[in-house]
Each structure stands twice: as structure tokens, then as C-alpha cells.
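# Coordinate inspection notes
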Amino acid sequence: MTHTLPLPDFSHERVEVTMGPRSGLVITVALHSSVLGSALGGARMWTYPHWSDAVGDALRLSAAMTLKNAAAGLDAGGGKSVICVPPGTVLDAGRRRAAYLDLGDAVERFDGRYRTAEDVGSTTDDMLVVSERTSHVVGLPDAVGGSGEPAGPTSLGVYESLRATLEQVAGSPDVAGRRITVSGLGQVGSRLAVRLSAEGAQLTVTDVNPAKRDLATELGARWVEPGTEHLIEADVFVPAGIGGLLDDEVIDRLSARAVCGPANNPLADRSGADRLAARGILYAPDFVVNAGGVVYLDLEAKRLGSRAEIMDRVSAIGDTVRAIFADAAARGITPLDAAEERAAERLAAGRSAQHADVFA
């Protein structure tokens, strides 16, 4: 069996891979770092060619969550969980419920050092099932007093980041008349596309699900076949699906002035940031751009401000992107380097505080 991506370097505090006793599905919970506090990262349910691909994805995504939460200024570490659905498998309601009960047991074994939430392939109702087995879950449905679906806040943060990106490459944050390509019309991508269309953007969209073409028609957007969207001339290319889209071949043929989107780990390899810079394409780091959902979930769970105040914090992600662009330009480094250094500084401060507590 060939694997889609090589396993990343192992730098995690703890990783547990189990076969769910109820569901028979392989479940990975990866705790990358709890230096800044209890880790927060969603539970992904997805089909992978092999269970080891799901483990690799959990490792990559959890490390990205450490960067995301640190760069966002949250007192939260990074973690992720992945439920691997074998190719060709369709889960009925009973087996799906079993999978999330299994996930709840796995999360509970981390004793509060990792909190889960909904992610690609999972819902707030699935998190309600998880809550039957552990209290270390956020983003429960509004109907039961939870914070609800985080896709709205994520989309808002991406929108403000996109405006900051347009300001950098086009001289104005205004969306009207700008050519924007959205690759992936899931919860976040579709919300973003609707808003961009309403503000007069010239939209090109695509998704691996052909049924999403109906949304393109509704919005008056141009639909292109998946795998060709990077060839369309655009002011901003918005990766909004599964990670790894921007490999060397795609980057070399990408016809856009900038990349700014909610997909986690859109670069197939970190070197892609340098490759984009060499082509004069501005890259807004994904873990900064897409932090709106986790900011919302963490602050809501901790009751740190009213909902309006929390959404103001989400909106401020655009200013963070602007600061990163300015820092990168002033120092002659990529925005990815600047964003990673920003996160590293917070993590280093967290480690110093931990050591101080130990020796106090």
C-alpha cells in the first residue's frame, strides 16, 4: 500500500492509536503540546487509503494546532483526533455513534490535557455523543447550551485575513471586483463564498462533491473541475478543502497573486512557502488565517468575554495577518517564517514559566 504523504517528524507529548471496541475503526488522538495549557483541536472523520495515513494526518494537524493556538494568543496547546474510515466504507447511524463513543473514551484517557471539538467530517451533534464519555469536549450544540458550530467564526477570520491580503497585493481591502478562487465548499468555504459573492467578488469555485455546483449557480460563480482551479487567474487563491493541495507542481502553475485560505496544512511541504515567495506569490499562513473557530471555542468554553467581544477578537485576526506581512517584509523572510517565530516566542515563554514553577 502506498501512502499519500510521509510521516512527519515525531515531536509530540503523547499519541494514542486504538481500534475502537464498538466501531472497529482506527482512532488516533495526538497531543502535540500542552505547554500553554490544555490542548484544543477538533476530531476529524475521513477516509484514508491506509490507517497509517490517518495517523500521519493526526500528527501533522496536531502540530499545526500548537502553532495556531500559540500564534492566536490562546492559553491552549495543540492536539487533534482522527477517526479513520476505510475506503468504500459507509457508516450507518449506529456505527457512527459507536465511533464517537470510542473517541470519547480515548479523549478521556488524556485526563484533560486534550479537548476535542468538531472538525472535517464531524458535527456538533457528534460532539454531543462524545460528551457522553468525557467532559473534555467543546462546541456542543446551541440547543444544549453549547457554543455551537464554529464554522461561522472561522469564516469571519478568513474573510478578515483575505481583506488584509488584498490590501497587501492590490492596495485596498475591498472585495468588490476582485478575482477570487475558492477551492472547497465545505462549512467554511461555502460561508466565505456566499459573503464574497454578496460583496461583488468575481468568484471561481470548485469542490470534489459535484452537488456543490448548485451553490456556484446560485451565487453566479464560475464552476471549474477539481484539479484545475489553480490555473485560473486570480487575485487570491483560497484553499478551503483538505490539506496538501499546494505541491510543487501546483505552485509552479498557480495563477494567483496570493494564497489565503482556511485549509489546514495546504502546503504539501513546508518548502512550498519559499517556492511561492520565489514566484512573487504572497502566502498568508494557514494556522493564522483559520484560527477564528478555535479562538471562539476556547474563549467561549472558558467564558472569557461576551460573544460580541469574542467575535471582535476573531475579527482582529486580519490585523494579526497585517502584522505578520509587515514583519516578514521588514526582515526579508517569508510570512510563514514570521508566523512560526511568533508562535515559537509564546511557546518558549510558556516553557520558561513551566520551569520557573518547577524550581520555585
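That block above? That's the structure.
Going along each chain's sequence as written, the residues are numbered from 1 onward. Local features in this predicted model are restricted to residues whose pLDDT is 70 or higher, and side-chain atom pairs enter the listing and the counts only when it is 80 or higher, whereas totals over whole chains, interfaces and linings include all residues. Side-chain metrics in this entry use all non-hydrogen atoms of the structure; hydrogen atoms and water are not considered.

Once that is clear, we can look at the overall build of the chain. Secondary structure elements follow DSSP: runs of H or I of four or more residues count as helices, runs of E of two or more count as strands, with numbering from the N terminus. From N to C terminus, the chain includes 13 helices and 12 strands. For 360 residues, the compact-globule estimate of 2.2 N^0.38 gives 21 Å, and the C-alpha radius of gyration of the chain, at 20 Å, lies within 12% of that figure. Categorising residues by exposure relies on relative accessible area from a 1.4 Å probe, with only protein chains included: less than 20% of the type maximum marks a residue as buried, more than 50% marks it as exposed, and the intermediate range marks it as partly exposed. Burial statistics for the chain: of 360 residues in total, 54% are counted as buried. Whether two residues touch is decided by their heavy atoms; if any such pair falls within 4.5 Å, the residues are in contact. Partitioning the intrachain contacts of the chain with sequence separation of at least 6 by distance along the chain shows that 65% fall at a separation of at least 24. Accessible area for the chain stands at about 14,900 Å²; split by element, carbon and sulfur atoms hold 52% of it. Positive charges come from Lys and Arg, negative ones from Asp and Glu, while His and the chain ends are left out of the count. Note that the charge is assigned to NZ on lysines, CZ on arginines, CG on aspartates and CD on glutamates. Mean positive and mean negative side-chain charge positions of the chain (35 and 47 charges, respectively) differ by 1 Å. Throughout, radius of gyration means the C-alpha value; the globule benchmark is 2.2 Å times the number of residues raised to the power 0.38. For the area figures, the Shrake-Rupley method with a 1.4 Å probe applies, and any residue is considered shielded solely by the protein chains shown.

All right, on to the pattern of salt bridges then. We define a salt bridge as a contact between a side-chain nitrogen of Lys or Arg and a carboxyl oxygen of Asp or Glu at a distance within 4 Å. A full pass over the atoms with the stated rule returns 28 salt bridges. With its nearest N and O atoms 2.8 Å apart, the salt bridge here joins glutamate 132 to arginine 97. Within this pair, whereas glutamate 132 is found in the loop between helix H3 (124-130) and helix H4 (151-170), its partner arginine 97 is found in helix H2 (residues 93-108), the two being separated by 35 residues in sequence. Residue classification places arginine 97 among the partly exposed residues on the basis of a relative accessible area of 38%. Arginine 179 is paired through a salt bridge with glutamate 233; the nearest N and O atoms lie 3.2 Å apart. One end of the pair, arginine 179, is in strand S7 (residues 179-183); the other, glutamate 233, is in the loop between strand S9 (222-223) and strand S10 (234-239), and 54 residues separate them in sequence. Residue classification places arginine 179 among the partly exposed positions, given a relative accessible area of 31%. A network of salt bridges, in which partner residues are shared, links Arg22, Asp102, Asp105 and Arg133.

Any Phe, Tyr or Trp ring, taking Trp's six-membered ring, that has another such ring centre within 6.5 Å forms a pair; planes under 30 degrees apart are called stacked, those over 60 apart edge-to-face, and the others tilted. Inspection of every chain in the model, using the stated rule, returns one aromatic pair. Ring centres of phenylalanine 110 and tyrosine 114 lie 6.4 Å apart, and the angle between their planes is 65°; this geometry places the pair in the edge-to-face category. Exposure remark for phenylalanine 110: the relative accessible area of 0% places this residue in the buried category. Residue tyrosine 114 is classed as buried on the basis of its relative accessible area of 0%. A positively charged side chain is recorded as over a ring if its NZ (Lys) or CZ (Arg) lies within 6 Å of the ring centre. The angle to the ring normal must also be within 35 degrees. Over the face of the ring belonging to phenylalanine 110 we find arginine 14, whose NZ or CZ atom lies 4.0 Å from the ring centre. For arginine 195, the ring lying beneath its charged end belongs to tyrosine 159, and the centroid distance is 3.7 Å.

Attention now moves to the nonpolar core. In terms of nonpolar packing, the biggest core is built from 75 residues, with Leu162, Ile180, Val182, Leu196 and Leu203 touching the most fellow members. The greatest single-element share of this core, amounting to eight residues, is contributed by H4. Once residues lying within four places of it in the same chain are set aside, the contact partners of valine 182 are Gly189, Leu196, Leu203, Thr204, Val205, Thr206, Val238 and Ala240. Here, nonpolar core means buried Ala, Val, Leu, Ile, Met, Phe, Trp, Tyr and Cys residues that are tied together by side-chain atoms lying within 4.5 Å of each other.

Pairing within the open sheet is parallel, and its six strands lie in the order S9-S8-S7-S10-S11-S12. Only two strands of the sheet have a single partner each, and these edge strands are S9 and strand S12 (282-283). Only strands joined by at least two bridges in the DSSP assignment are considered to pair. As paired strands, strand S11 (residues 256-259) and S12 are joined by two bridges and run parallel to one another. Bridge pairing in S12 links valine 259 to tyrosine 283. Fitted lines through C-alpha atoms serve as axes, helices being fitted only where they are in contact, and the angles separating the N-to-C directions of these axes extend from 0 to 180 degrees. Contacting S7, S10, S11 and S12, H4 runs over the sheet at an angle of about 150° to S10.

The next subject is the side chain of aspartate 119. Residue position: aspartate 119 is located in the loop between strand S6 (114-115) and H3. For aspartate 119, a relative accessible area of 15% puts it in the buried group.

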